[in-house]
Amino acid sequence: MNKLIIFSAPSGSGKTTIVKHLLSLENLNLAFSISATSRAPRGVEQHGKEYYFLSADEFKNRIQHDDFMEWEEVYAGCYYGTLKSEVERLWANGKNVVFDLDVAGGLRLKKKYPDQTLAIFVEPPSLVALEERLRNRKTETEEKIQMRLNKAEQEMATAHQFDVIIKNNDLQQALQEAERIVTEFINR
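Residues numbered from 1 in each chain as written. Predicted model: local features only at pLDDT ≥ 70, side-chain atom pairs only at ≥ 80, totals over all residues. Heavy atoms only, no water.

Moving on to the pairing of strand 5 (residues 68-75). Successive residues of a regular strand alternate their side chains across the two faces of the sheet. With 6 bridges connecting them, strand 5 and strand 6 (residues 78-83) associate as antiparallel partners. Directly across from Glu-73, in strand 6, lies its bridge partner Tyr-79. Where strand 5 folds back on strand 6, the antiparallel hairpin that results is connected by 2 residues, among which Gly-77 adopts a positive phi of roughly 80°. (Pairing = 2+ DSSP bridges. Helix = DSSP H or I, 4+ residues; strand = E, 2+ residues; numbered from the N terminus.)

Here it is, written out as structure tokens:
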């Protein structure tokens, strides 16, 4: 059976680092699902690499044609979603598909494909540690940091709805735990 492995977490929890680590392990046979978005590319982002960039009208049209496994209007007129064609392409190549999704998208995908999905929530040690990580990035405005922290509290309240919670107190330990959990899931 084709597998879906979802990682969700508040921004700054370390989920992207964990996903990159797992993708580097050839024995897991993983491929990353590139999401679609209606937002404009930032910096050097490229269509088909970081995201599939669609206009808002094209995104809505694809919703009407049931082209998404899951989608969400994150902000007014700004959509994100997982194209069925992207996942089918990766499955056709014999890969297990890994997702880096927001909490709502991760839970929606899990609900839609419960038997073939492993949903993992990456939890920061605390909100204080999360704030420290976000500030140390030096990539966000104060307003953005506060927005992410407020959202983090809501996201952490959903952790119990996921199959597994990995508490990222120590990155090496979190990487090993993620590797073990994903390996067990793929091999069952």
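The subject of this paragraph is the pattern of salt bridges. Enumeration over the complete set of coordinates arrives at 13 salt bridges. When the shortest N-O distance is used, the salt bridge between Lys-84 and Asp-66 registers 2.9 Å. One end of the pair, Lys-84, is in helix 3 (residues 84-92); the other, Asp-66, is in the loop between helix 2 (56-64) and strand 5, and 18 residues separate them in sequence. For Lys-84, a relative accessible area of 22% puts it in the partly exposed group. Three or more residues joined by partner-sharing salt bridges are found here, namely Glu-70, Glu-72 and Arg-108. (Salt bridge = Lys/Arg side-chain N within 4 Å of Asp/Glu carboxyl O. Buried < 20%, exposed > 50% of the residue type's maximum accessible area, 1.4 Å probe, protein only.)

Moving on: the UniProt feature "binding site: ATP" (unreviewed entry) in the protein chain. If you check UniProt for "binding site: ATP" (unreviewed entry), the listed places come out as Ala-9, Pro-10, Ser-11, Gly-12, Ser-13, Gly-14, Lys-15 and Thr-16 in our numbering. Note that Gly-14 resides in the loop between strand 1 (4-8) and helix 1 (15-23). In this structure Gly-14 comes out as buried when scored by relative accessible area, which is 18%. Not counting the four nearest positions on each side in its chain, Gly-14 is found in contact with Arg-133 and Asn-168. (UniProt positions renumbered as here; feature names shortened; annotations may be inferred. Contact = heavy atoms within 4.5 Å.)

A separate point is the nonpolar core. Ile-5, Phe-7, Ile-18, Leu-22, Leu-118, Ile-120 and Val-182 are the most contacted members of the largest nonpolar core, which totals 22 residues. If you tally residues by element for this core, the top one is helix 7 (residues 171-187), at 7 residues. Excluding residues within four positions of it along the chain, Leu-118 makes contact with Leu-4, Ile-5, Ile-6, Asp-163, Val-164, Ile-181, Val-182 and Phe-185. One finds Ile-6, Met-69, Trp-91 and Val-97 within the second-largest nonpolar core, a separate group that totals 12 residues. (Core = buried A, V, L, I, M, F, W, Y, C linked by side-chain atoms within 4.5 Å.)

By the assigned domains, the protein chain splits into domain 1 (1-29 + 96-187) and domain 2 (33-94). On a C-alpha basis, the centres of domain 1 and domain 2 stand 20 Å from each other. With 18 residues of domain 1 in contact, the opposing surface of domain 2 contributes 13 residues. Taken together, the two surfaces of domain 1 and domain 2 that pack against each other cover about 1,300 Å², and 53% of this comes from carbon and sulfur. It is Asn-2, Val-97 and Arg-108 in domain 1 that bury the most area against domain 2; as a group they hold 31% of the surface buried on that side. Remark: the boundary between domain 1 and domain 2 carries 2 salt bridges. The closest approach of N and O atoms between Glu-72 and Arg-108, which form a salt bridge, is 3.4 Å. (Domains from an automatic or database assignment. Buried area = accessible area lost by both parts, 1.4 Å probe.)

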